[in-house]
Amino acid sequence: MDIVYMGTPQFAVPTLSAVAGAGHSIKYAVTQPDKARGRGNKIQGTPVKEMALSLGIEVLQPEKLKGNADFASRIAGCKPDLILTAAYGMILPPEILSIPRLGCINLHASLLPRWRGAAPIQRAIIEGDEETGVTAMFMAEGIDTGDIILSSRTAIGRKTAFELEGELAAMGADLIVDVVCMIGAGTAQRAAQDEKAATYAPMVSKKDGMLDFSKSPEELDRVVRGVNPWPGAFTVYKGETMKIWEAFPTEGPNPHEPGTITGVSGEGIEISAGGGTLVVTEIQMPGKKRVKIKEYLKGNKIEKFAVLR
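Conventions we followed
- Residues numbered from 1 in each chain as written.
- Predicted model: local features only at pLDDT ≥ 70, side-chain atom pairs only at ≥ 80, totals over all residues.
- Heavy atoms only, no water.
- Helix = DSSP H or I, 4+ residues; strand = E, 2+ residues; numbered from the N terminus.
- Buried < 20%, exposed > 50% of the residue type's maximum accessible area, 1.4 Å probe, protein only.
- Contact = heavy atoms within 4.5 Å.
- Patch = residues over 30% accessible without salt bridge, like charges linked within 9 Å, V, L, I, M, F, W, Y side chains within 5 Å.
- Areas by Shrake-Rupley, 256 points an atom, 1.4 Å probe, with all protein chains shown as cover.
- Salt bridge = Lys/Arg side-chain N within 4 Å of Asp/Glu carboxyl O.
- Lys, Arg positive; Asp, Glu negative; His and termini not counted.
- Charge placed at Lys NZ, Arg CZ, Asp CG, Glu CD.
- Core = buried A, V, L, I, M, F, W, Y, C linked by side-chain atoms within 4.5 Å.
- Polar contact = N/O pair within 3.5 Å; in protein donor to acceptor, adjacent residues only side chain to side chain.
- Phe/Tyr/Trp six-rings, centres within 6.5 Å; stacked < 30°, edge-to-face > 60°.
- Lys NZ or Arg CZ within 6 Å of the ring centre and 35° of its normal.

**Q** How should the environment of Leu150 be read in this particular structure?
**A** Structurally, the position occupied by Leu150 is in strand E10 (residues 148-155). Leu150 sits in the partly exposed class, given a relative accessible area of 29%. Between the alpha carbons of Leu150 and Ala233 there is a distance of 34 Å; along the sequence they are 83 residues apart. Discounting chain neighbours no more than four positions away, the residues touching Leu150 are Val134, Thr135, Ala136, Leu175, Val179 and Met182.

**Q** Is there a simple way to explain a negative patch on the surface in this structure?
**A** Taken together, the side chains of Glu127, Asp212, Glu218, Glu219 and Glu251 present a region of like negative charge at the surface. Within the secondary structure, Asp212 is located in the loop between strand E11 (200-201) and helix H7 (217-226).

**Q** Please clarify how the nonpolar core should be interpreted in this entry.
**A** Leu84, Ile105, Leu168 and Ile176 are the most contacted members of the largest nonpolar core, which has 39 residues in total. Among the elements that make up this core, the one with the highest residue count is helix H6 (residues 161-185) (ten residues). Those residues in contact with Leu84 that sit more than four places away from it in its chain are Ile3, Val4, Tyr5, Met6, Val19, Ile105, Ile176 and Val180. Formed by 27 residues, the second largest nonpolar core is a distinct cluster that contains Ala119, Tyr237, Ile302 and Leu308.

**Q** Honestly, the side chain of Thr135 in this entry has me stumped. Any pointers?
**A** Of note, Thr135 is situated in strand E9 (residues 131-138). The class of Thr135 is buried, set by a relative accessible area of 0%. A polar side-chain atom of Thr135 sits 3.3 Å from the main-chain amide nitrogen of Leu112. A polar side-chain atom of Thr135 sits 3.2 Å from a polar atom in the side chain of Ser151. Ignoring any residue separated from it by four or fewer positions in sequence, one finds Thr135 in contact with Asn106, Leu107, His108, Ser110, Leu111, Leu112, Ile148, Leu150, Ser151 and Leu175.

**Q** Could you clarify how one ought to interpret the packing of aromatic side chains in this entry?
**A** Two measures describe an aromatic ring pair: the distance that separates the ring centres and the angle between the ring planes. Applying the stated rule across the entire model yields zero aromatic pairs. The ring of Phe138 carries the charged tip of Arg190 above its face, separated from the ring centre by 4.0 Å. Over the face of the ring belonging to Trp245 we find Arg290, whose NZ or CZ atom lies 4.2 Å from the ring centre.

**Q** Just checking my understanding: could you explain unusual backbone geometry for this structure?
**A** If a residue is not glycine, its phi is most likely negative; likewise, a peptide bond is most likely trans. Residue Pro113 is bonded to the preceding Leu112 through a cis peptide linkage, with omega at 15°. Considering the arrangement of structural elements, one finds Pro113 in the loop between strand E7 (104-108) and strand E8 (116-117). Look at the link from Trp230 to Pro231: it is a cis peptide, with omega at 5°. Position of Pro231 among the secondary structure elements: in the loop between H7 and strand E12 (233-237). For Asp144, which is not glycine, the phi torsion reads 60° and is therefore positive. Mapped onto the elements, Asp144 comes out in the loop between E9 and E10.

From the geometry alone we can't say anything about function, so treat these as descriptive.
In structure tokens, the structure reads:
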């Protein structure tokens, strides 16, 4: 099958690799323009671009899609059977959606219609969902509103967003290979989404990582996992930003003011939160590497009864 693939981050890489490996002809890989990334602020290509080039696939990086007649003409010219997208980062306008013979298919990292939008993995963890998954759907003009073809699900447990993204990326690759086969065979089903069950997952920002110790330990634990690796959970200890990479809630009451450090040991920092206790086991101070509390305490001190803000 002749396919145009559109994706940008690491999440979209396994699907590109899997579809190409299944013997389909990827006419173009379309991805976001190169940007400055990392500490050195160097211009870098996207993960999808790197994979596409390694597979010998021609890469297109349009600045915009809507009203881009040259881009639309180029895509139409390769006469694709399908356009596949996965976390591409731009909405496909009608002039692109209408090009492929068999339609446009999107891979989304949630069990639609729950968590439409930019940050479905993070929001599923932060909001305490017990499970999530990946969904393949026919694309429509709305944001993640198209008819569902197939879904695959997994338990969230205590996974971080980083861990869950890797798992869902692999699941999505398998799912899309099956879906492409079904579409080619004419056996793909489609089911309209229940609009009453729809929820929206807005993009995560740095402020989402700020811990509010008036919330319960369970809520804070979910935030720590949900914003790992970016932006990372954080608080302020004695005027310095303390990043919190690992934590867990414990049972039992803690009557101290929210944010109070009520215990310090090699096992972790106990912090009063919402009437309970959050135990922090891995931190990172400014200019330092992330370390377990046991290692941090070998050369540093955490003051008991200090209040985190």
